[in-house]
Every structure is written in C-alpha cells, then in structure tokens.
Amino acid sequence: MLSRRHFCCAGALAGTTMFFGRAFAADSCTTLTRERQAALSPDDALTELRAGNERFLTQNMRNCDLLGQVRATAGGQYPFALVIGCIDSRVPPELVFDQRIGDIFSARIAGNVAEDDVVGSAEFATKLAGARLIVVLGHSECGAVKGAIDGVTLGKLTHLLQRIKPAIEAHGNAPGEHNSKNKDFVQQVATTNARLAAQSLQQDSQILRDLVTQGELKIVAAMHDVTSGRITFLQ
Ligand SMILES: [Zn+2]
C-alpha cells in the first residue's frame, strides 16, 4: 500500500533553518522540508497564498534562484497547497500566487472542474504528499464557463462542459439574457462553479472529507480577476 513516505524523504534539507520560527518567510526562496510542511496549518497555507497574491499585485514578487530550487527539491517535494485552476493562459497559479519550484501542486483543467481524475490528484497531493490546503481557483471571463452557458459542443469538450451545468442551473432566475454576452451572468456562474467544485471535492472523496474533519486540510474556492490580477477568496 502506498503511503506518504513513498513520495517524499531524502534531500530537500538545504536551508532548513530558514523556516524555523515562522511558517513562511516572504522574502525567502527556501523550499519547504517535510518537517516544516508537517508543522503548517491549513490557515498558514491560506495566509501564504493571500500574501503571495499581494506580492504579485504590488510587484514585490520573490526573485529566486530557480535552478537552486530544482537542486534543493530533487530528492523530495513538500508543497503546502494544491491549486485547481483553469487552463486559461492568464491565470498561472504559480505566478499569481508568487510561488516557485516545489511550493504548490497545480492541477489545471478547463473550467476548473472537479473531474474524477482531478479528485484523485487532490487525494495524492494531500493524503500522500502532505499539502494542507486546496484552492479551487475560478476566474472572470472564463471561456469554458461561457462555452457551457452557450451550450457549445465540440469533441470531448462537450462532456467536460457538462460539469459546469449545475452552476448555470443555480442561476436560472438571474436577470438578463442567459448567454455569454451577459458579463454579470458569466461572472455569477463562474463564481458558483468554483464554489461547487470545492464542495464536490469533499462530497466525492472520503479521503478528503476525513482530512478536513481532522483539521489537517482546508478546501476553499477563490476567484481571479483577469483585469487586475487580484484573487478574492470565497469563504
Ligand atoms: Zn477559464
């Protein structure tokens, strides 16, 4: 049976002292160790992602030696969070949260939907690899959400867009036209879609549900604004 020890250990010890005493050092490029990852709470992880987006917005992003981080993480990885985001080129999680090599897991799928394989990836990232936080990151002007609203059909995309239908139906009484030209409607559906995906992770996975119940994991939804780069957490 697989366990966390199959995915970590060995190496990544460089710079351990940088993380003692503080959950994170905003100006630090030191990668997490297993010990530091284990000491973090879900709220620590959330605080760091909030701070990371603030660094991004204020152009105070960390300037790290990425190849040095590659060497530091070669023997094992201890990311503190998983971001499930859209494939949209304007919303790369590592950049908008100011994270670097080994900091976060990133799962990207059109419309940030929680398909079974995404749920399995989340189980790996948390139960086996120790991440403390899952963020479902939706965004404004999402093409997948617009496609779902307009009933687009195209190859296997048709099936994927079905996952967004519950969010559309949740706004069945919203004012205005229910098509992709109605920006308010698109934003409402995208926001609800992120919320529902976060909820479904727990509903669909006993493993994730147990971690949340035990206080070892938090699952939240958030929305990225493609006009400003700002991320708003939906609590
Ligand atoms: Zn999108």
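### Quick notes on the packing of helix H9 (residues 183–204) against helix H10 (residues 206–213)
In helix packing, the relevant descriptors are the interaxial angle and the interaxial distance, both defined with respect to the helix axes. Contact geometry of H9 with H10 gives a least axis separation of 5 Å together with a crossing angle of 100 degrees. The angle between the axes of H9 and H10 places the two elements in the roughly perpendicular class. Along the contact surface, H9 presents Leu-201, Gln-202, Gln-203 and Asp-204, while H10 presents Gln-206, Leu-208, Arg-209 and Val-212. Of the residues belonging to the contact of H9 with H10, the class tally is three nonpolar, three polar and two charged.

### Describing the coordination of the zinc ion
The zinc ion binds to the protein through Cys-86 (SG), His-139 (NE2) and Cys-142 (SG), with metal-donor distances spanning 2.0 to 2.3 Å. Here the donor residues for the zinc ion map to a single chain with the spacing C-x52-H-x2-C. Taken together, the positions of Cys-86 in the loop between strand S1 (81–85) and helix H4 (93–96) and Cys-142 in the loop between strand S3 (133–139) and helix H6 (143–149) put the pair 56 residues apart, joining distant regions of the chain. A relative accessible area of 6% means that Cys-86 is categorised as buried.

### A few points about the state of the cysteines
By the definition in use, this model includes one disulfide. Note on cysteine connectivity: Cys-29 is disulfide-linked to Cys-64, with sulfurs 2.1 Å apart. One disulfide, between Cys-29 and Cys-64, carries an S-S torsion of -85 degrees and so falls in the left-handed class. Residue Cys-29 is located in the segment before helix H1 (34–39), and its partner Cys-64 is located in the loop between helix H2 (42–57) and helix H3 (66–73); the two are separated by 35 residues in the primary sequence. Given the relative accessible area of 25%, Cys-29 is considered partly exposed.

### A look at the pattern of salt bridges
Applying the stated rule across the entire model yields ten salt bridges. Where Arg-55 meets Asp-98, a salt bridge forms, and the shortest distance between an N and an O atom there is 2.5 Å. Within this pair, whereas Arg-55 is found in helix H2, its partner Asp-98 is found in the loop between H4 and strand S2 (104–108), the two being separated by 43 residues in sequence. For the pair shown, Arg-55 and Asp-98 are each scored as buried. A salt bridge links Glu-141 to Lys-146; the shortest N-O distance between them is 2.7 Å. The partly exposed category is assigned to Glu-141, whose relative accessible area is 24%. The network of salt bridges with shared partners includes Glu-48, Arg-55, Arg-62, Asp-98, Arg-100 and Asp-103.

### What to know about a nonpolar patch on the surface
Together, Leu-66, Leu-67, Val-70 and Ile-101 line one region of the surface with nonpolar side chains, adding up to about 340 Å² of accessible area. Residue Ile-101 is classed as partly exposed on the basis of its relative accessible area, which comes to 33%.

### Topic: the pairing of S1
In regular strands, side chains alternate between the two faces of the sheet. In terms of burial, S1 is largely enclosed, as five of its five residues are buried. Along S1, one buried face is formed by Ala-81, Val-83 and Gly-85 and the opposite face, lined by Leu-82 and Ile-84, is buried too. Pairing of S1 with S3, which is carried by five bridges, proceeds in the parallel orientation. Residue Ala-81 lies in a different strand from S3, and its bridge partner there is Leu-133.

Calculation notes
Residues numbered from 1 in each chain as written. Predicted model: local features only at pLDDT ≥ 70, side-chain atom pairs only at ≥ 80, totals over all residues. Heavy atoms only, no water. Axes fitted to C-alpha atoms, helices over the stretch in contact; angles between N-to-C directions. Helix = DSSP H or I, 4+ residues; strand = E, 2+ residues; numbered from the N terminus. Parallel < 35°, antiparallel > 145°, perpendicular 65-115°, else oblique. Contact = heavy atoms within 4.5 Å. Nonpolar A, V, L, I, M, F, W, Y, C, P; charged D, E, K, R; others polar. Donors = N, O, S within 2.8 Å, 3.2 Å for Na, K, Ca; no water. Buried < 20%, exposed > 50% of the residue type's maximum accessible area, 1.4 Å probe, protein only. Disulfide = S-S within 2.5 Å. Salt bridge = Lys/Arg side-chain N within 4 Å of Asp/Glu carboxyl O. Patch = residues over 30% accessible without salt bridge, like charges linked within 9 Å, V, L, I, M, F, W, Y side chains within 5 Å. Areas by Shrake-Rupley, 256 points an atom, 1.4 Å probe, with all protein chains shown as cover. Pairing = 2+ DSSP bridges.

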